[in-house]
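Listed here are the chains, written in short residue letters.
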Amino acid sequence: MANVILVFASMTGNTEDMADAVAEGVQAAGAQLTQKNVMDTNASELAGYDGIVLGAYTWGDGDLPDEFLDFYDELDEVDLTGKKAAVFGSCDSSYSAYGAAVDTLIEKLQERGAEIVTEGLKVELGPSSEDKEVCKSLGETLARSLQVTA
């Protein structure tokens, strides 16, 4: 059974709501899931998983949340070659750089060798019921991509 780690940061609960829906999709597709707040893990832990899902809201003018910064820097020391990955986050269109944290994390994962299996998912503020279904689908897509290679 493929194992997936989902690491997220959430300030208002929006990204956590998304994470829960993504987790539901991962499990529905038959993968084993470990879900952690970014403050409760470190990037080296990712190496022990087949699949990686990162979730972060975009802060300020397109920045990663402060609680994600150390984890992001730690990624420079982790080889993710052969890992499948996906990224999601809640966003706010009142800022000029919409969902830039999602793009930043995708770039870092690719730089470290991971294969991004689906487009980064950006949701305006809190996820609606429809958005949660899209989040669930992201989780299913990642888990299914692992079954092909596992």
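Anything mentioned here points back to the structure above.
Quick look at the overall build of the protein chain
In step 1: Of regular secondary structure, the protein chain possesses 4 helices and 6 strands.
In step 2: N-terminal to C-terminal, the α/β element order of the protein chain is β-α-β-β-α-β-α-β-β-α.
In step 3: For a compact globule of 150 residues, the expected C-alpha radius of gyration is about 15 Å, and the protein chain comes in at 14 Å, within 12% of that figure.
In step 4: With the principal axes as the frame, the protein chain shows a C-alpha extent of 40 × 35 × 25 Å.
In step 5: The buried share among the 150 residues of the protein chain stands at 49%.
In step 6: Of all intrachain contacts in the protein chain linking residues separated by at least 6 positions in sequence, the fraction that spans at least 24 positions is 82%.
In step 7: Approximately 6900 Å² of the protein chain is accessible, and the part contributed by carbon and sulfur atoms is 42%.
In step 8: One way to put it: in the protein chain the 9 positive side-chain charges average out to a point 8 Å from where the 28 negative ones average out.

As for the packing of aromatic side chains
In step 1: Enumeration over the complete set of coordinates arrives at 2 aromatic pairs.
In step 2: With centroids separated by 6.2 Å and ring planes inclined at 80°, the aromatic side chains of Tyr57 and Trp59 adopt a geometry described as edge-to-face.
In step 3: The exposure class of Tyr57 is buried, given its relative accessible area of 9%.
In step 4: For Trp59, a relative accessible area of 40% puts it in the partly exposed group.
In step 5: Taking 5.5 Å as the distance between ring centres and 85° as the angle between the ring planes, the aromatic pair formed by Phe68 and Phe71 counts as edge-to-face.
In step 6: When its relative accessible area of 3% is taken as the criterion, Phe71 is described as buried.
In step 7: Here Lys108 stacks its cationic end above the ring of Tyr72, 4.6 Å away from the centre of that ring.

Some words on the layout of surface pockets
In step 1: Taken as a whole, the largest pocket spans an internal volume of roughly 230 Å³.
In step 2: Contributing to the lining of the largest pocket are 14 residues, with Thr12, Tyr57, Thr58, Ser90 and Asp92 lying nearest its centre.
In step 3: Looking at the lining of the largest pocket, the elements that each hand over two or more residues are helix 1 (14-28) and strand 4 (84-91).
In step 4: Residue composition of the lining of the largest pocket, grouped by class: 6 nonpolar, 7 polar and 1 charged.

Overview of the pairing of strand 1 (residues 3-9)
Each regular strand carries side chains that alternate between the two faces of the sheet.
In step 1: Among the 7 residues that make up strand 1, 7 are buried, leaving the element largely enclosed by the rest of the structure.
In step 2: Residues Asn3, Ile5, Val7 and Ala9 of strand 1 are buried on one face, and the alternating residues Val4, Leu6 and Phe8, pointing to the opposite face, are buried as well.
In step 3: Two strands pair when backbone bridges link them, and strand 1 and strand 2 (residues 32-37) are joined in this way by 6 bridges, in the parallel orientation. Paired with Val4 across the two strands is Leu33, which belongs to strand 2.
In step 4: In the classification by handedness, the crossover that spans strand 1, the intervening helix 1 and the parallel strand 2 is right-handed.
In step 5: Pairing of strand 1 with strand 3 (residues 51-56) involves 6 bridges; the strand directions are parallel. Bridge pairing links Leu6 to Val53 in strand 3.

Some thoughts on the side chain of Asn14
In step 1: When you line up the elements, Asn14 lands in helix 1.
In step 2: Of the polar contacts made by the side chain of Asn14, one reaches the side chain of Thr12; its length is 3.3 Å.
In step 3: Ignoring sequence-local partners within four residues, the contact set of Asn14 consists of Ser90, Leu125, Gly126 and Pro127.

Brief notes about helix 3 (residues 100-111)
In step 1: Taking 1.5 Å per residue, 12 residues should reach 16 Å; helix 3 reaches 16 Å between its end C-alpha atoms and fits that length.
In step 2: Within helix 3 the residues assigned to the buried category are Ala100, Ala101, Val102, Leu105, Ile106, Lys108 and Leu109.
In step 3: Of the surrounding elements, those touching the buried residues of helix 3 are strand 3, helix 2 (69-74), strand 4, strand 5 (115-116) and strand 6 (121-124).
In step 4: Following helix 3 by one or two positions, Gly113 adopts a phi angle in the positive range, close to 105°.

Rules of the game
Residues numbered from 1 in each chain as written. Predicted model: local features only at pLDDT ≥ 70, side-chain atom pairs only at ≥ 80, totals over all residues. Heavy atoms only, no water. Helix = DSSP H or I, 4+ residues; strand = E, 2+ residues; numbered from the N terminus. Rg over C-alpha atoms; globule rule 2.2 N^0.38 Å. Buried < 20%, exposed > 50% of the residue type's maximum accessible area, 1.4 Å probe, protein only. Contact = heavy atoms within 4.5 Å. Areas by Shrake-Rupley, 256 points an atom, 1.4 Å probe, with all protein chains shown as cover. Lys, Arg positive; Asp, Glu negative; His and termini not counted. Charge placed at Lys NZ, Arg CZ, Asp CG, Glu CD. Phe/Tyr/Trp six-rings, centres within 6.5 Å; stacked < 30°, edge-to-face > 60°. Lys NZ or Arg CZ within 6 Å of the ring centre and 35° of its normal. 1 Å grid on protein atoms, 1.4 Å probe; cavity = no way out; pocket = protein on both sides within 12 Å on 5 of 7 lines; lining within 4 Å. Points joined across faces, edges and corners; volume = space filled by probe spheres on them. Nonpolar A, V, L, I, M, F, W, Y, C, P; charged D, E, K, R; others polar. Pairing = 2+ DSSP bridges. Right-handed = clockwise from strand over helix to strand, strands pointing away. Polar contact = N/O pair within 3.5 Å; in protein donor to acceptor, adjacent residues only side chain to side chain. Expected span 1.5 Å × (residues − 1).

Geometric descriptors of this kind do not, in isolation, establish any biological role.
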